[in-house]
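The primary structure of each chain is shown beneath.
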Amino acid sequence: MVASLRSWVANEGGKHFVLILWLGANTWLFMKTFLLYFTGQQYHYLYKMLGLGMCISRASASVLNLNCSLVLLPMCRSLLTFVRGTHAVSSRETRRLLDKSKTFHVACGVSICIFSVVHVSAHLVNVVNFSVSYSDDFPALNLARYKGEDPKLIILTTIPGVTGLFLVLILFLMFTSSSYCVRLFNYEIFWYTHNLFIVFYIILMVHMVGGALKYQTNIEAHPPGCLTANQSSTSQRREDEERRCGEEAHFQPHYPQTWLWVSGPLCLYCAERFYRYIRSSDPVTIVTVIRHPCDVVELRMLKKNFKARPGQYVVLNCPGVSSFENHPFTLTTCPTEKKETFGIHLRVVGDWTERFTQMLLPQPRMDLEILPMVQQRRYPKLYIDGPFGSPSEEVFNYDVSVCVAGGIGVTPFACVLHALLDGWTGFRLQRLYFVWVCRELQSFYWFSELLCALHHKSMSEEKYRPLTSRLLVGRPRWKLLFDEIGKTNKHKRVGVFCCGPKGISKTLHKLCNSARSSGTTFEFNKESFG
Amino acid sequence: MGKIEWAMWANEQALASGLILLTGGIVGVAGQFRGWQFAAYAIAAGVFVCLLEYPRSKRAKGTSVERTGQYCFTVCVKSFGPLTRNYYVRAFLHAAICVPGGFMLATVLGCVCLGIASIIYLAAAIRGEHWEPIVPRKDTVRPPPADIKNPPQNPPPRPPPETRRKRVEDLEGAAYDNPIPVKD
């Protein structure tokens, strides 16, 4: 029991700690703002008019401010890649947390939706109260023009009302297109709707202009609840003298605050997109195209000033196929000092990859004999954006690593193996276990050259003591494998890297979280392809 | 690039709008605001829209993912035949349903969202999409063909043993050599 708790904490502790911090910040902000409006003297008259609706709407607005500013940060991919690369700034635990940046973005997005619902409902109640409790004593406080004005008219004729309506509509479009099914099957709808965020932020920053809610500025001269000149209370006149107001109540609307929260992350994100656009404006030169069995094509390319670490991925854009579609592919060879070309392996699955490979490779013609290609091929223009960091970069930072790949998921580990082939020095890594599961035997030909080279190197040089390499038929028995690894690496921290279908990653995750009698801790790192 | 299925997005929007209509209607009736009859209508309309939109359509090409427990809803929706298959009918139906929601403050948002969903359904209908029920695949066990019970009586024809012996002096050439010449 204690041992499984230890494994669980090692694997899940960091993520849950950040989650609790974030929930705590949201709760604290909500309660602080709520109490400010509930008990603050400067809101006394407004509270009497609007009631709890005012407090709830303002409290949810402050939580929305926080989440709208946080939601952009996990999407600054180049910045996160940079943080991952600088080992001086971040520890391995921090880098492991960066793997969950998309999950954090989704969490902030969901909380924006939930608190928007709360905020809108509370403001609808406020609008009704503005209309019903029209105040004749303090006309400056009113939003309605006369008592009993139709609340729908109030919404449509004030800036906060109209901007709020547009914000809700944009949020509705973004939310409905972000569901799992739409992302999986119609990614373009998701991508184009999500890019409406810039309109959302611009409208958000002008949402508070017009000042619907006002606070009282002269509390000392006019304590709330004091009696005006033509009022008198039922108690003695002496008390009446003390409670007379010095002057009339003065009200002032709030200065819009949202831009303080939001402008920083928004500028950062826009700067990052601009930087990525500039960096990817130079097209790459395609050097070779190789066709492999089982619908895989290898592409070798050249680009000036392109540096990448093993495990990173790039995003391809081919205007000849589709102007606006961008597809991520993991690098299988990184550029080194000796060799400047870098490569990707792409599997032909959807229509973009099909069209792309058609443009790259000649079509096999059945009637002619296959002759070697002598003429220069005219390759399509290709742009790459990246490289971006991924969890698989951490393979070198553990003493012992286990890499599990399913099918085409082997690509990040192929890059790792290439890097190790060039020279196994300067890394913390002492021992690497590599498991590659494929449906068809022919798939192993994708990296046959790499595997043979590794085998030869480990046979010829004494530094590398090869462990046995096995080819087995049937599904691997993960529990036995992990027990074996645990027995030979007692009391060590082993990094498990999985890149494959959900079934494998779920099983491995469960195994990593469960108890180990050998005292080994398995840290689970997952990389998923979309 | 690729065929975008607008109906899938319209379906998500319509389901969400149904829920928003339902919530707005409940708030309107509970608070007994002015015009609460519209809120009561919105509750009924919201429930109807949710039931109609819950079963997802089968994709034209590729795998379809269905919502949990949608089979019974699929059966109900399928029984209306062309009324539910056609997206023009759905577009106009949603446009008609959403109009009364616009008269009350609590249900205005549901009305606008359902209106947007109806526009996207119209776009899907113009592009020729229609609703297909997802039925569970029945893997019928095919009976094996009749002649599988009778194995062949004689071995296959083979060349005489002399030509069958392996040519050890030229293994590479032997691999490509046919013991019996192949006639063109």
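Every residue gets a number counted from 1 within its own chain, in the order that chain's sequence is written. Chain labels run from A onward and ligand labels from 1 onward, assigned in the order the entries are written. Given that the model is predicted, a residue must reach a pLDDT of at least 70 before its local features are reported, and side-chain atom pairs must reach 80 or more before they are shown or counted; all residues, however, enter totals for whole chains, interfaces and linings. As a rule here, side-chain values come from all non-hydrogen atoms in the structure, and water together with hydrogens is ignored.

Things to note about the overall build of chain B
Helix numbering and strand numbering both begin at the N terminus, where a helix is a DSSP run of H or I of at least 4 residues and a strand a DSSP run of E of at least 2. Looking only at helices and strands, chain B has eight helices and zero strands in total. Counting every position in chain B, which comprises 184 residues, the buried fraction comes to 34%. Counted over contacts in chain B with a minimum sequence separation of 6, partners at least 24 positions apart contribute 72%. Using a 1.4 Å probe, accessible areas were evaluated by the Shrake-Rupley method; residue-level cover was limited to the displayed protein chains. Of the roughly 12000 Å² of accessible surface on chain B, 65% is carried by carbon and sulfur atoms. Burial classes follow relative accessibility: with a 1.4 Å probe on protein chains only, a residue under 20% of its type's maximum area counts as buried, one over 50% as exposed, and anything between as partly exposed. Whether two residues are in contact is decided by their heavy atoms, any of which lying within 4.5 Å being enough.

Considerations on the sheet that holds strand S9 (residues 400-406) of chain A
Residues and elements named next belong to chain A. What makes two strands pair is DSSP finding at least two bridges between them. Read from one edge to the other, the open sheet built from four strands follows the order S10-S9-S11-S12, with strand pairing classed as parallel. In this open sheet, the two strands that pair with only one neighbour each are strand S10 (431-437) and strand S12 (521-526). Neighbour-to-neighbour, the strand axes of this sheet turn through a mean angle of 15°, independent of strand direction. Both S9 and strand S11 (residues 493-499) contribute to a ladder of six bridges, which runs parallel. Along S11, the bridge assignment pairs Val402 with Val496. Only C-alpha atoms enter the line fits that serve as axes; for helices the fit covers just the stretch in contact. Angles between N-to-C directions range over 0 to 180 degrees. Packed onto the sheet, helix H17 (residues 478-488) meets S9, S10, S11 and S12 and runs at close to 170° relative to S10.

What to know about the nonpolar core
Residue and element names in this part refer to chain A. Among the buried residues, those of types Ala, Val, Leu, Ile, Met, Phe, Trp, Tyr and Cys that are joined through side-chain atoms within 4.5 Å form a nonpolar core. Among the nonpolar cores identified, the biggest contains 25 residues, and Leu299, Leu316, Leu331, Ile344, Phe356 and Leu382 are the most heavily contacted of them. In contact with Phe356, other than residues within four places in its own chain, are Leu299, Leu316, Cys318, Val321, Leu346 and Leu382. If you look at the next biggest cluster of nonpolar residues, it comprises 24 residues, including Phe396, Val410, Trp446 and Cys499.

Examining the interface of chain B and chain A
Taken together, the contact between chain B and chain A spans 27 residues of the former and 26 residues of the latter. Put simply, a salt bridge is a Lys or Arg side-chain nitrogen that is within 4 Å of an Asp or Glu carboxyl oxygen. The tally of links between chain B and chain A comes to one salt bridge. Arg34(B) is the partner of Asp150(A) in a salt bridge, and the nearest nitrogen-oxygen pair spans 3.8 Å. Any pair of N or O atoms that falls within 3.5 Å is considered a polar contact. Within protein, one atom must be able to donate a hydrogen and the other to accept it, and sequence-neighbouring residues count only if both atoms are side-chain atoms. The interface formed by chain B and chain A includes four residue pairs in polar contact (both at pLDDT 80 or more).

Thoughts on the UniProt feature "transmembrane region" (unreviewed entry) in chain B
The sites that UniProt annotates as "transmembrane region" (unreviewed entry) are residues 12-30, 36-54 and 91-124 of chain B. For residues 12-30 of chain B, the helix share is 100%, the strand share is 0%, and the end-to-end C-alpha distance is 27 Å. UniProt positions are given in the numbering used here, feature names are shortened, and annotations may be inferred rather than shown by experiment.

Focus: the packing of helix H2 (residues 36-53) of chain B against helix H5 (residues 87-98) of chain B
Residues and elements named next belong to chain B. Following both chains from N to C, one finds H2 and H5 inclined at 160°, their axes separated by 11 Å at the closest point. Overall, the two elements H2 and H5 adopt an arrangement that is roughly antiparallel. Two packed elements cross with a definite hand, and for H2 against H5 that hand is left-handed. Side by side, H2 and H5 meet where Tyr41, Ala45, Phe48, Val49, Leu52 and Glu53 of the first sit next to Arg90, Leu93, His94, Ala96 and Ile97 of the second. For this classification, Asp, Glu, Lys and Arg are treated as charged, while Ala, Val, Leu, Ile, Met, Phe, Trp, Tyr, Cys and Pro are nonpolar and the rest, including Gly, are polar. Residues that form the contact of H2 with H5 fall into these classes: eight nonpolar, one polar and two charged. The scheme is simple: roughly parallel for angles under 35 degrees, roughly antiparallel for over 145, roughly perpendicular for 65 to 115, oblique for anything else. Put simply, a crossing is left-handed when the front helix is turned counterclockwise from the back one by less than a right angle, and right-handed when it is turned clockwise.

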